[in-house]
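# Reading the structure
Given next are the chains, with one letter for each unit.
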Amino acid sequence: MHTTNHFFKEQEQEWETVEKGISRQITGYDASIMMVKVAFEKGAIGALHTHPHTQTTYVASGRFEVTISGQNQTLHAGDSFYAPSDAEHGVVCLEAGMLIDVFSPMREDFIDQ
């Protein structure tokens, strides 16, 4: 079973470049859940995509245009969104910021790279 330590220290975990202007840091997981910090530069695009995992995301900072199943909303720090399993979703970063993603079950594709 995949799992991480009980404690996460930001300085001890590397950031991974996902694509231009987007990087992520996995903060903790086991087989049933995973939390990931995702940093965006202004203008970076998290392209529309789907996956079988349910996802809830907290906007820690910045401003994002979020699309879920064809519905658009602009979200700011303190807001959040939920993407059900297999729902098409994506973001455009309008103001540099950070998203905190939580997935269930964990994203094996994030650690098997």
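Heads up: the structure comes first, above all this text.
Residues numbered from 1 in each chain as written. Predicted model: local features only at pLDDT ≥ 70, side-chain atom pairs only at ≥ 80, totals over all residues. Heavy atoms only, no water.

## A look at the pairing of strand β1 (residues 16-19)
Each regular strand shows side chains that alternate between the opposite faces of the sheet. Here β1 pairs with strand β2 (residues 22-29) via three bridges, running antiparallel. Looking across to β2, one finds that E19 is bridged to I22. Connecting β1 to the antiparallel partner β2 that follows it, the hairpin turn spans two residues, and G21 within it adopts a positive phi of roughly 80 degrees. (Pairing = 2+ DSSP bridges. Helix = DSSP H or I, 4+ residues; strand = E, 2+ residues; numbered from the N terminus.)

## Some words on the environment of V36
If you trace the backbone, V36 turns up in strand β3 (residues 34-40). Separated by 60 residues in the primary sequence, V36 and A96 place their C-alpha atoms 17 Å from one another. Look past the residues within four positions of V36 in its chain and what remains in contact with it is R24, Q25, I26, T27, L99, I100, D101, F103 and F110. (Contact = heavy atoms within 4.5 Å.)

## Considerations on the pattern of salt bridges
Counting across every chain of the model gives three salt bridges. Among the ionic pairs, K37 bridges to E10, the shortest N-O distance being 2.5 Å. Pair noted here: K37 is in strand β3 and E10 is in the segment before β1, with a separation of 27 residues, a long-range link. The salt bridge partner of D109 is R107, with a shortest N-O separation of 2.7 Å. (Salt bridge = Lys/Arg side-chain N within 4 Å of Asp/Glu carboxyl O.)

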